[in-house]
Each structure stands twice: as C-alpha cells, then as structure tokens.
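# Survey of secondary and tertiary structure
Residue-level listing of the chains:
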Amino acid sequence: MERTDAGKKAERLEQTGKVGGGTAEDTGTARQAATAPGDHAGEEASGFMEEVLRRENVMAAYRRVVRNQGAGGVDGRSVDDLKHQIREDWPQIREALLSGTYKPSPVRKVEIPKPGGGVRMLGIPTVMDRMIQQAILQALTPIFDPTFSADSYGFRPGRSAQRAVLRAREYIAEGRRWVVDLDLEKFFDTVQHDVLMSRVARRVRDKRVLRVIGRYLRAGIMEGGVALPRKEGTPQGGPLSPLLSNILLDELDKELERRGHRFVRYADDFQVYVESKRAGERVMASLEGFLAKRLRLKVNRKKSAVGRPWGRKFLGYRTTTDKKPKLKPDPKSVKRLKLKLKDLFRRGRGWSLGRTIRELNPILRGWAAYYRLADVSGVFEELDQWIRRRLRLILWRQWKRPRTRRKELQKRGLGEERAAISAYSGHGPWWNAGASHMNQAVPNSMLNQMGLVNLLREQRRLKCSL
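The notes below deal with the structure included here. In every chain, residue numbers begin from 1 and rise along the written sequence. Note on the predicted model: pLDDT of at least 70 is required for a residue's local features to be given, and 80 or more for side-chain atom pairs to be given and counted; whole-chain, interface and lining totals, by contrast, use all residues. Hydrogens and water are ignored here; the side-chain numbers use all heavy atoms of the structure.

### Things to note about the sheet that holds strand β5 (residues 226–228)
Sheet strands pair via backbone hydrogen bonds, and the direction of the pair is either parallel or antiparallel. Strand pairing is assigned whenever DSSP identifies at least 2 bridges connecting the two strands. Counting from the N terminus, the helices are DSSP H or I runs at least four residues long and the strands are E runs at least two residues long. Spatial strand order, β2-β1-β4-β5: four strands in an open sheet with mixed pairing. In this open sheet, the two strands that pair with only one neighbour each are β2 (119–124) and β5. Between one strand and the next, the sheet's axes are offset by a mean angle of 45°, whatever the strand orientation. As defined by bridge partners, strand β1 (residues 107–113) adjoins β2 across six bridges and the pair is classed as antiparallel. All axes are obtained by fitting lines to C-alpha atoms, using only the stretch in contact for helices, and the reported angles, taken between N-to-C directions, cover 0 to 180 degrees.

### Regarding the packing of helix α15 (residues 378–399) against helix α16 (residues 402–411)
Contact geometry of α15 with α16 gives a least axis separation of 8 Å together with a crossing angle of 130°. The orientation of α15 with respect to α16, classified from their angle, is oblique. Only Thr404, Arg405, Glu408 and Leu409 of α16 make contact with α15, whose side of the interface consists of Trp396, Arg397 and Trp399. Think of it as three bins: nonpolar holds Ala, Val, Leu, Ile, Met, Phe, Trp, Tyr, Cys and Pro, charged holds Asp, Glu, Lys and Arg, and polar takes everything else, Gly as well. Here the contact of α15 with α16 is composed, by residue class, of three nonpolar, one polar and three charged. Oblique is the label for every angle not falling under 35 degrees (roughly parallel), over 145 degrees (roughly antiparallel), or within 65 to 115 degrees (roughly perpendicular). Any pair of residues with heavy atoms lying within 4.5 Å of one another is described as a contacting pair.

### Structural notes on the pairing of β1
The pairing of β1 with strand β4 (residues 221–223) spans two bridges and is parallel. Directly across from Val107, in β4, lies its bridge partner Ile221.

### Things to note about the packing of α16 against helix α17 (residues 416–423)
Contact geometry of α16 with α17 gives a least axis separation of 8 Å together with a crossing angle of 145°. Our pair here, α16 against α17, has a crossing hand that is right-handed. On the side of α16, the interface is formed by Pro402, Arg405, Arg406, Leu409 and Gln410, while α17 contributes Glu416, Ala419, Ala420, Ser422 and Ala423. Considering only residue class, the contact of α16 with α17 consists of five nonpolar, two polar and three charged. If you view the pair so one helix is near and one far, a crossing is left-handed when the near helix is turned anticlockwise from the far one by less than a right angle, and right-handed when it is turned clockwise.

### Quick word on the side chain of Asp384
Mapping Asp384 onto the fold places it in helix α15. Setting aside chain neighbours within four positions, we find Asp384 in contact with Val453, Asn454, Leu455 and Leu456.

### Observations regarding the sheet that holds strand β6 (residues 262–266)
A sheet is described by the order of its strands in space; here four strands give the open sequence β6-β7-β3-β8, paired in antiparallel fashion. Unpaired on one side and paired on the other, β6 and β8 (305–307) mark the two borders of the sheet. Each neighbouring strand pair of the sheet contributes to a mean axis angle of 20°, computed without reference to strand direction. Of the strand pairs in this sheet, strand β3 (residues 178–183) and β8 are connected by three bridges, and their pairing is antiparallel. Bridge pairing links Asp181 to Ala305 in β8. Contacts between helix α7 (residues 161–173) and the sheet are confined to β6 and β7 (269–274), with β6 contributing the most and set at about 165° to the helix. Across the face of the sheet, helix α12 (residues 277–295) comes into contact with β3, β7 and β8 while running at roughly 25° to β3.

### Observations concerning the packing of aromatic side chains
Pairs were defined over the aromatic rings of Phe, Tyr and Trp, the Trp ring being its six-membered one, requiring ring centres within 6.5 Å. Orientation was assigned from the angle between planes: stacked under 30 degrees, edge-to-face over 60, tilted for the rest. Within this structure, the stated rule accounts for 10 aromatic pairs. Between Phe155 and Tyr266 the ring centres are 5.8 Å apart and the planes differ by 50°, which places this aromatic pair in the tilted class. Linking Phe155 in the loop between α6 (127–144) and α7 with Tyr266 in strand β6, this pair joins segments that are 111 residues apart in sequence. Only protein chains enter the accessibility calculation, which uses a 1.4 Å probe; a residue is then buried when its area is under 20% of its type maximum, exposed when over 50%, and partly exposed in between. In this structure Phe155 comes out as partly exposed when scored by relative accessible area, which is 21%. Ring centres of Tyr171 and Tyr273 lie 6.0 Å apart, and the angle between their planes is 35°; this geometry places the pair in the tilted category. Taken together, the residues Tyr171 in helix α7 and Tyr273 in strand β7 connect sequence positions 102 residues apart. Through a chain of ring-to-ring contacts, three or more aromatic side chains come together here, namely Tyr317, Trp367, Tyr370, Tyr371 and Phe380. In this analysis the charged atom, NZ for Lys or CZ for Arg, is taken to sit over a ring once it is within 6 Å of the ring centre and within 35 degrees of the ring normal. Against the face of Tyr153 rests Arg159, its NZ or CZ located 4.9 Å from the ring centre. If you follow Arg389 out to its NZ or CZ, it ends over the ring of Trp430, 4.0 Å from the centre.

Structure representation (structure tokens):
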C-alpha cells in the first residue's frame, strides 16, 4: 500500500482538515439540496449567498476558526483579532459579498519540508478570509457531500483515514491482491481552475458565490512582499481547499464506479485493487489517460506502480501477506517518528527527565491513536525499548564525569564495585544506556511512575475502544 507522507501525510491531511473542516448545521441548505431538481440540486439562480451569510452560519464559521486557531495571513492579524475585526469591518465586507464585489486578500506563502524530501507549499489566508471560506464550506457541504462516492474518505463528515485503511484491507481480504497505486503529480499546485469551476457550477448557480470562489482560487501568493498571481492550483491551508479537491476528483470516483473497480481514495491519495498484475497494468494505463484528458491532471510515474499491497503503503499503513491481512505501521512512518523524537531528545539534554517525558507524551499518544488499527505489536514493543534507552542516554550524558556516574549509580541501588566498573567502563554513551547497570538504575517501573506513555499499552487500549 503506498503513500508518501503516509502517516505523516495523513496526519498532515487531518491537520489541514482541522483548519478547513467543519460540517454545516444548515438544515435550510440541506432542504434546498433535497428538493431542487436536476443537476443543479441545492441551488436557485440566486439567493445562495444570502444563505452563506445567514447569521447562524457565519457565527458557526467564526467559532470554528477560533477553535482551530492557526497562523495569521498577510495582514498580520491573528485569530484573537478576529472578533474586533468583525465589529469594525463586517458590515462592509458583507455588503461586498452580497454585491459580488468582494476581493480576497493574497495568501501568505509557507513552505514545510516533506518527509521524503522537497517542500510542500501552503497558502495561509487571512483570518477573515478563513471565516468566509468556512461559511461557504458549511453551506456547500450538504449539497455536495451526499453525492460523493462511498469510497472517498478524505475531509468528509464522519469519515477518516482509519476508515479508508480498513476499507482497503477489506478489498485485499476479498482476494484483490494486486494494487494500482497512483500518485498525482503536485495535485494541489496544478489543479486547473476552469476545470474545477465547471464542476462547482453544475450545482451552484449563484454567480456571486461562484465569483468569490474563483477569486479565492486566483488570489495571489505573497512572497517577499510581492503578491504573485496564481493561474492554477488550490493551495492547502484554507478551509475550502479540501472540499474543492473532492469536487474535482469525484469525477474520477464516478468513473471508477462505472467501470466496477474496487478503490479507496483519501484526498489525492488513492489505490485501485485488482486480482492480477495484468489487470492492474491495464487499469493504470487507462486511468492515466482519463486523468490527463478529463481533469488535466498528470500522474507521477516515478511514484506510481502496480504491485502487491504489502509492498506499498497507504496512509502510513502496510498490510501483511496473510490471506486475512493484518495492519502495521509502515517502516518509513516509524523512521519519521524516530527522527522527530531524536530532535526532542537533543533538546532534552538540558531538561529534567520529568520535563522530557512531559514533552514526549503528547507525541506518543498521537502516534498510538493514529496507528490504533495495527494488528502487529512488535513495532510498538521495539519503539518502547528504543524510547526508554534514549531517556537513559540523556541521564548518562547529564552525569558527564565517571565520578558523578559512579555516585548516581550507587544512589540508585548498585553496589560500590559494580557502580565503579560501570562508570569507568570506557564504553560509549549509547552502549551504556542499553547496559544492565542503567536498566537497573533507571528501571521501567521508574519511568512508568514518572508518567511515560507506553506505546504498546496505549495502542492496545485505543484498539479495544474501537
């Protein structure tokens, strides 16, 4: 099962959904969607902007933006400033939205490193534009979401990366033991605006709403004090971006359903499950043509492949080769976790052990929560051992001199002779951190009493609660 950023990406994708996610509590819009005829279900020729700007919907959007926090945009205003800004500017902004003249601010360019190398670009809107996008999202969700495929899981109410992984395992267990793993090349940066807007316009007729969505797509990117125009792409960072990506890729989902394929999609990560390599190669070739012709999207051939599911990763997970496949964290996800923790441990050299553990625990809880579906326990046991050894390494280095090390070992219950031999052993810090004298001086029970999260126990606890 394949996927870059795997857990990281999937984590990153969840975090983006947190910024832009949210479901409409908008029964009026839902009724429109249910009763309007034809392909334009949910929309009258006008009046939808009034629904977007309905007080209850805007207040829900405001609460969502405040709850999600996040960095400010090009105007330098933070989420804490939003309430004051609404009091000052909202009447004029609302009037501009109703008249169709509102122009969004450029987005602030932020680049974050990708786990596999390179950078990912985010476009951070101003907090006011985030609130407006959130209000539009809440009104559009009950119109579009019910029409999406059952096998689409990304950024949708009541769905998650974990459910996508379970669905993938079901297809493999049914005997589809080959996977077509397609990677869309720079998807969020290359979406064609006209192709996307034509899909939105099938259900949204209010030209004011279409106009403001189009302006959000074309809003410049502020870099080095200059707003650069944008002719393609829907940068991640705003609440609307995930829904717009689902609207565009829904056409791919419908094509896969029409052909009778079994697939799972989470945002721009998707896999198709087939029964033979030959069938997989045919599907790969035909989908590459469909994406290029219909959606003007390019497949990254270097990252795409037809292979066995256990040889590919999907949303941070891999399967075993069993007929009833088991789930386990992908090795690259484990490696990324270790790199992240190593950075924390380096900073922790000057901290008390208690502080290091307090900083460590939220990361461990989050990782165990994401991989709670895993059936293979060995990965968690090995990580627990590695983490405990790292904590002992911090102590050994903090003690610095052999004389101090001897005293500390004796204080923790070692005999005088053994403490002296261990302190003056001449071995390096990592060897000593794993040696029996440090395991006796800093036993697992002591780390447990200090509150260290045990990954294996935490993962099993969360799995039992499913």
